[in-house]
Amino acid sequence: MAKTNPFEFLQQVREEGAKVTWPTRRETMISTLMVFIMVAIASLFFLAVDAVLHRGVQWVLGIAV
């Protein structure tokens, strides 16, 4: 494996970074908003599942309140 000096490495990193298609500010904001919405939906789903399982276990064990 050929060794690359630090200057060449940084130059290669800069060249590769220039090839990347970076998202626009609008795309980033929309993606962030969608992540927050999906996290909220998932948390509500798991809250409901946890409540149902909690009641089911209480009923099975006979300690329903």
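The coordinates are above.
As the structure is a prediction and not an experimental result, all values here were calculated from the model.

Digging into a nonpolar patch on the surface
On the surface, a cluster of nonpolar side chains totalling about 560 Å² of accessible area is made up of Ile30, Leu33, Met34, Ile37, Met38 and Ile41. Here Ile30 shows up in helix H2 (residues 25–61). For Ile30, a relative accessible area of 42% puts it in the partly exposed group.

What to know about the packing of aromatic side chains
The full count for this structure, using the stated rule, is one aromatic pair. Ring geometry for Phe45 against Phe46: centres 5.1 Å apart, planes inclined by 70°, an arrangement best described as edge-to-face.

Quick word on the pattern of salt bridges
Taken as a whole and judged by the stated rule, the model has one salt bridge. Close ionic contact of Glu16 with Lys19 constitutes a salt bridge, the shortest N to O distance being 3.1 Å. Residue Glu16 and its partner Lys19 are both found in helix H1 (residues 6–19); the two are separated by three residues, about one turn of the helix. Judged by its relative accessible area of 61%, Lys19 is exposed.

Each value, and the rule that gives it
- Numbers given to residues run from 1 along each chain, matching the order in which its sequence is written.
- Local features in this predicted model are restricted to residues whose pLDDT is 70 or higher, and side-chain atom pairs enter the listing and the counts only when it is 80 or higher, whereas totals over whole chains, interfaces and linings include all residues.
- Excluding hydrogens and water, the side-chain figures rest on all heavy atoms present in the structure.
- Only residues whose relative accessible area exceeds 30% and that take part in no salt bridge are eligible for patches, with like-charged residues grouped when within 9 Å of each other and nonpolar side chains (Val, Leu, Ile, Met, Phe, Trp, Tyr) grouped when within 5 Å.
- Computed by Shrake-Rupley with a 1.4 Å probe, the accessible areas treat only the displayed protein chains as cover when residues are assessed.
- By definition here, a salt bridge exists when the distance from a side-chain nitrogen of Lys or Arg to a carboxyl oxygen of Asp or Glu is within 4 Å.
- What counts as a helix is a DSSP run of H or I of at least four residues, what counts as a strand is a run of E of at least two, and both are numbered from the N terminus.
- Exposure classes here rest on a 1.4 Å probe applied to the protein chains alone. A residue is buried below 20% of its type maximum, exposed above 50%, and partly exposed in between.
- Each pair of aromatic rings taken from Phe, Tyr and Trp, with Trp reduced to its six-membered ring, is defined by centres within 6.5 Å and is described as stacked if the planes are under 30 degrees apart, edge-to-face if over 60, and tilted in the remaining cases.

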